[in-house]
Amino acid sequence: MDVGQPTLDQLRIFLTVADEGSFNAAARKLGRALSVVSYGISTLEAQLGVMLFDREGSRRPVLTDAGRALLADARGVKDEADGLVARARGIRQGLETEVSLAVDVMVPMKMIASVMRDFQFAFPITNLRLHVEALGAVAALVAESRADLAISGPDMIAIAGMDRRQVGAVELVPVAAPTHPLARAGKEDRIAPGATAQHLQLVLTDRSPLTEGRDFSVLSPRTWRLADLGAKHALLLEGIGWGNMPRHMVEEDLAAGRLVELALPEAGPVHYRLYALWRKDARPGPATSWLLDTIIARCAEEG
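Residues numbered from 1 in each chain as written. Predicted model: local features only at pLDDT ≥ 70, side-chain atom pairs only at ≥ 80, totals over all residues. Heavy atoms only, no water.

**Some points on helix α2 (residues 23-30)**
Here comes step 1: Along α2, the residues that are buried comprise Phe23, Ala25, Ala26 and Ala27.
Here comes step 2: Elements that come into contact with the buried residues of α2 comprise α1 (8-20) and α3 (34-48).
Here comes step 3: At the C-terminal side of α2, glycine 31 shows a positive phi close to 70 degrees. (Buried < 20%, exposed > 50% of the residue type's maximum accessible area, 1.4 Å probe, protein only. Helix = DSSP H or I, 4+ residues; strand = E, 2+ residues; numbered from the N terminus. Contact = heavy atoms within 4.5 Å.)

**Describing the packing of aromatic side chains**
We describe a pair of aromatic rings using the distance from one ring centre to the other and the angle between the two ring planes.
Here comes step 1: In total, this model carries five aromatic pairs according to the counting rule given.
Here comes step 2: When the centroid spacing of 6.1 Å and the interplanar angle of 70 degrees are considered together, the rings of phenylalanine 23 and phenylalanine 53 count as edge-to-face. Here phenylalanine 23 is found in helix α2, whereas its partner phenylalanine 53 is found in strand β1 (residues 53-54), with 30 residues between them in sequence.
Here comes step 3: Taken together, the aromatic side chains of Phe14, Phe23 and Phe53 make up a single cluster linked through ring pairs. (Phe/Tyr/Trp six-rings, centres within 6.5 Å; stacked < 30°, edge-to-face > 60°.)

**A short note on the nonpolar core**
Nonpolar side chains in soluble globular proteins generally cluster together in the buried interior.
Here comes step 1: Residues Ile151 and Val167 are the most contacted members of the largest nonpolar core, which totals 38 residues.
Here comes step 2: Among the secondary structure elements, those contributing two or more residues to this core are β3 (98-104), α5 (109-122), β5 (149-152), β6 (162-176), β7 (201-204), α8 (229-237), β11 (270-279) and α10 (286-302).
Here comes step 3: Apart from the residues within four sequence positions on either side, isoleucine 151 is in contact with Leu101, Ala102, Val103, Asp104, Val107, Val138, Val167, Leu274, Tyr275, Ala276 and Ile295.
Here comes step 4: Core analysis: the second largest hydrophobic core is formed by 16 residues, Leu11, Ala26, Leu44 and Phe53 among them. (Core = buried A, V, L, I, M, F, W, Y, C linked by side-chain atoms within 4.5 Å.)

**Section: the side chain of histidine 233**
Here comes step 1: Positionally, histidine 233 belongs in helix α8.
Here comes step 2: Histidine 233 gets classed as buried once you look at its relative accessible area, which sits at 15%.
Here comes step 3: Apart from residues lying up to four places away in sequence, histidine 233 is in contact with Met245, Met249, Val250, Asp253 and Leu259.

**Some thoughts on the packing of α5 against α10**
Here comes step 1: At a minimum axis distance of 10 Å, the contact between α5 and α10 shows a crossing angle of 145 degrees. Between α5 and α10 the crossing geometry is right-handed. Residues Met111, Ile112, Ser114, Val115, Asp118, Phe119 and Ala122 of α5 lie in contact with α10, whose contacting residues are Ala287, Trp290, Leu291, Thr294, Ile295, Arg298, Cys299 and Glu302. (Axes fitted to C-alpha atoms, helices over the stretch in contact; angles between N-to-C directions. Left-handed = near helix turned anticlockwise from the far one by under 90°.)

Structure, rendered in structure tokens:
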């Protein structure tokens, strides 16, 4: 004879008795009559064909081996059902089931990680998708409806159908390894105007047509174009060229002497402005609005 199909109510009674330690305590917790709780457990045991509690020789029911084995499964079913109800309630109230966030690679990932941690607690039933891109590729994800919100670097004011809001800025500093000629010249305060044009510059390239062909703080005709900021960082540490990097990303390298900040006659540190972007035809919902407000607040703290 096959086992029957328990109801959610029976599973809730089973879990409450196990958690509270007695039928009486479970009845009080559930606001049910003791007879209802006792009948619920007896019916569940009959359907499953196993004894869940040992009631002999003790005033308190004790889980049997079978009861202990099934407890985790019962809790999992109950949690899944509670999650389904919570998600349905959120959908009825306008809460997003999923939010897609695109972030410029220049944005401090430590800050974004702290925002995502808090998002998980604030919106436990909303899935979050994170994209990390560079330059125009960040805004392109929103323009193509592949992201609900973007924190983008370059000034995207010309994109039609897009709203934006400034959220902060990241300081970019020109750096090189201490063995690089520009770093050695800097120690003697003799970086001559135009000297940067004589040396290889490592430049972050764009994978999007939105800013294709536009150069940001490129001073040398000799460039290596890199699509990954981590690769650029590694090459700089090896003494291959010079380039601009987010200060937060190279602070430890500067303090340890692995990299040197260059005092260039042509240009100093660059303030890379950050903008929140979203489509005008897809206004931010509650979870997306929370992300926007929280990122703005964290950027202000960082600044």
